[in-house]
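Here is what each chain is made of, one letter per residue.
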Amino acid sequence: MVTTVIAGVVAIFVFFFFFYVAAGVRVVRPYQRGLVEQLGKYKETVDPGLRIIYPIVQKLRLVDMREQVVDVPPQEVITKDNVVVSVDAVVYYEPTDPTRLVYNVANFILAVTKLAQTNLRNLIGDMDLDQALTSREKINTELRQILDDATDKWGVRVVRVEIQRIDPPPDVMGAMHEQMKAERTRRAVVTEADGARAAAIARAEGEKQAAILTAEGVKQRQILEAEGQAQAIRAVADAEQYRQQVVADGEAAAIRSVYGAIHDGDPTPDLIAIRYLQSLERVADGRATKIIVPAELSGIAGSIASIGELFNGHAGSSPGQNEPVPAPPSPPAT
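Bear in mind that the values here come from a model prediction, so they are computed numbers and not experimental data.

Undergrad: How do you make sense of the overall build of the chain when you look at a structure like this?
TA: The helix and strand tally for the chain stands at 8 helices and 8 strands. The burial tally for the chain puts 22% of its 334 residues in the buried class. Look at the contacts in the chain between residues 6 or more apart in sequence, and 65% of them connect residues 24 or more apart. Accessible surface computed for the chain: about 23600 Å², of which carbon and sulfur atoms make up 59%.

Undergrad: I keep staring at the sheet that holds strand β5 (residues 58-64) and nothing clicks. Help me out?
TA: Strands belonging to one sheet form pairs held by backbone hydrogen bonds; the direction of such a pair is parallel or antiparallel. A sheet is described by the order of its strands in space; here 3 strands give the open sequence β3-β2-β5, paired in antiparallel fashion. Edge strands, defined here as strands with exactly one partner in the open sheet, are β3 (41-46) and β5. Mean inter-strand twist for the sheet, computed between neighbouring axes without regard to direction, equals 25°. In this sheet, β5 lies alongside strand β2 (residues 32-38) in antiparallel orientation, the contact comprising 7 bridges. Residue G34 lies in a different strand from β5, and its bridge partner there is L62.

Undergrad: Help me understand the packing of helix α3 (residues 108-125) against helix α5 (residues 136-151) in this model?
TA: Any two packed helices are characterised by how steeply their axes cross, that is the angle between the axes, and by the distance between the axes. Here α3 crosses α5 at 140°, and the two axes come no closer than 10 Å. When the interaxial angle is binned, α3 and α5 end up oblique. Crossing handedness for the pair α3 and α5: right-handed. Here F108, V112, L115, A116, N119, L120, L123 and I124 of α3 come into contact with α5, specifically with I139, E142, L143, I146, L147, A150 and T151. Residue classes in the contact of α3 with α5 are distributed as 12 nonpolar, 2 polar and 1 charged.

Undergrad: Could you clarify how one ought to interpret α3 in this entry?
TA: Side chains of residues three or four places apart in an α-helix project in the same direction, reflecting 3.6 residues per turn. For α3, with 18 residues, the first-to-last C-alpha span of 26 Å sits near the 26 Å given by 1.5 Å per residue. Every buried residue of α3 is listed here: F108, V112, T113, L115, A116, Q117, N119, L120, L123 and I124. Against β6 (68-78), β7 (84-95), α2 (98-103), α4 (129-134), α5 and β8 (156-167) lie the buried residues of α3.

Undergrad: Is there a simple way to explain α5 in this structure?
TA: Under the 1.5 Å per step criterion, the end-to-end length of α5 is 22 Å for 16 residues, consistent within 8% with the ideal 22 Å. Along α5, the residues classified as buried are I139, N140, L143, L147, D148 and T151. One face of α5 carries all of its buried residues, which in axial projection span an arc of 155°.

Undergrad: Help me understand the pattern of salt bridges in this model?
TA: Two side chains with opposite charge may pair up if their charged atoms get near one another. Counted under the stated rule, the structure contains 13 salt bridges. The partner of R33 in a salt bridge is D47, and the shortest N-O contact between them spans 4.0 Å. Of this pair, R33 sits in strand β2 while D47 sits in the loop between β3 and β4 (49-52), placing them 14 residues apart in sequence. According to the relative accessible area criterion, D47 is partly exposed, its value standing at 46%. Each of E183, R186 and R187 takes part in salt bridges that share partners, so that together they form one network.

Undergrad: Is there a simple way to explain the packing of aromatic side chains in this structure?
TA: Given two aromatic rings, their pairing is described by the distance between the two centres and the angle made by the two planes. With the rule as written, the count across this model stands at 3 aromatic pairs. Aromatic side chains Y42 and Y103 sit 5.9 Å apart centroid to centroid with 70° between the ring planes, which places their arrangement in the edge-to-face category. Here the residue Y42 occupies a position in strand β3, and Y103 occupies one in helix α2, the gap between them amounting to 61 residues. By way of ring pairs, the aromatic residues Y93, F108 and W154 are connected into one cluster. Lying across the ring of Y31, R66 places its NZ or CZ 3.9 Å from the centre.

Undergrad: Can you help me understand the pairing of β7 in this one?
TA: Each regular strand carries side chains that alternate between the two faces of the sheet. The sheet contact formed by β6 and β7 spans 9 bridges and is antiparallel. Along β7, the bridge assignment pairs E76 with S86. Hairpin connection between β6 and β7: a loop of 5 residues separates the two successive antiparallel strands, and N82 in this loop has a positive phi of roughly 60°. By the bridge criterion, 10 bridges tie β7 to β8 in an arrangement that is antiparallel.

Undergrad: So what exactly am I meant to see when it comes to the nonpolar core here?
TA: Nonpolar side chains tend toward joint burial in soluble globular proteins. One finds V85, V87, V91, F108, L120, I124 and L147 to be the most contacted residues of the largest nonpolar core, which totals 34 residues. Counting residues per element, the ones that place at least two in this core are β6, β7, α3, α4, α5 and β8. For this core, the element with the most residues is α3, which contributes 7 residues. Leaving out residues up to four positions away in the same chain, V87 has contacts with P73, P74, Q75, V77, L120, I124, I163, R165 and I166. Membership of the second largest hydrophobic core comes to 5 residues, among which are V28, V36, I53 and L60.

Undergrad: When you look at the sheet that holds β6 in this model, what are you seeing that I'm missing?
TA: Pairing is antiparallel in the open sheet, where 3 strands are placed in the order β6-β7-β8. The open sheet has two edge strands, β6 and β8, and neither has a second partner. Across the sheet, the mean angle from the axis of one strand to that of its neighbour is 20°, orientation sign disregarded. Contacts from α5 reach β7 and β8 within the one sheet, and its direction differs from that of β8 by about 145°.

The rules behind each value
- Residues numbered from 1 in each chain as written.
- Predicted model: local features only at pLDDT ≥ 70, side-chain atom pairs only at ≥ 80, totals over all residues.
- Heavy atoms only, no water.
- Helix = DSSP H or I, 4+ residues; strand = E, 2+ residues; numbered from the N terminus.
- Buried < 20%, exposed > 50% of the residue type's maximum accessible area, 1.4 Å probe, protein only.
- Contact = heavy atoms within 4.5 Å.
- Areas by Shrake-Rupley, 256 points an atom, 1.4 Å probe, with all protein chains shown as cover.
- Pairing = 2+ DSSP bridges.
- Axes fitted to C-alpha atoms, helices over the stretch in contact; angles between N-to-C directions.
- Parallel < 35°, antiparallel > 145°, perpendicular 65-115°, else oblique.
- Left-handed = near helix turned anticlockwise from the far one by under 90°.
- Nonpolar A, V, L, I, M, F, W, Y, C, P; charged D, E, K, R; others polar.
- Expected span 1.5 Å × (residues − 1).
- Arc of directions from axis to C-beta.
- Salt bridge = Lys/Arg side-chain N within 4 Å of Asp/Glu carboxyl O.
- Phe/Tyr/Trp six-rings, centres within 6.5 Å; stacked < 30°, edge-to-face > 60°.
- Lys NZ or Arg CZ within 6 Å of the ring centre and 35° of its normal.
- Core = buried A, V, L, I, M, F, W, Y, C linked by side-chain atoms within 4.5 Å.

Structure below.
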């Protein structure tokens, strides 16, 4: 009986011993750090790996050192121009000191959420609605700097802050949509007007170039026509000059030939008078209704005699050359 009791006590002791040993064996993950507390006091910080503590006397608290995300709930913020907007954000932080993160703040998530909300009110409250809608990068940078400075004593580094949404009231949204529509309509009208102006300018330039080319063509055609006409006139003038020169040369040659023949024939005044009368006969044989005959035929006969003497004088001197030539008898009046 006593043996049985002793065996049971030993079995219970062994069970509690193994339970105690198993409770003292702890594993710290690679992304964790362990805070060892002994009798309620901080003892040390342990790195990842297999760790053995004394249960009941010591306690191991694990701290996740990975980057964490905190979602800041939407809140209503009044802008500088008295417009109520709804704003929410996301905060990314990374623990740098597990000791301060555990012992310096009771609820880090709640603390950083409230801190982000209050600073969002301050930042957006100093901006107009249009500025708040177009300055998200500025808000992100300033809010991250504020949160990083405030959470440094908690052993946390704020990596970045992102504004998710900034929602104006429905009536303001409608006005913004109308404004955007009007702006796009204005841009469309301006673009269409610029296109029409560019097209008109291009068309005018084309017409101008066409007119210039046409004028140049007309000018070149007129110049070529004038040059052709000038060359034609010059050729005609040269031909006429050549013809007149040839005719004059022919007439001169004919006159010289006749003159020589007259000298060679040694005409007498009687022959010249007869030729003169034959010429008058040919004149009278025409279709004219009136014939004018010189009144002084004796004077004409004297002229004919002088012409005969002129020819005889050029032909050479002969006896009786200087004797007066009797005047031919006057022909009867016709």
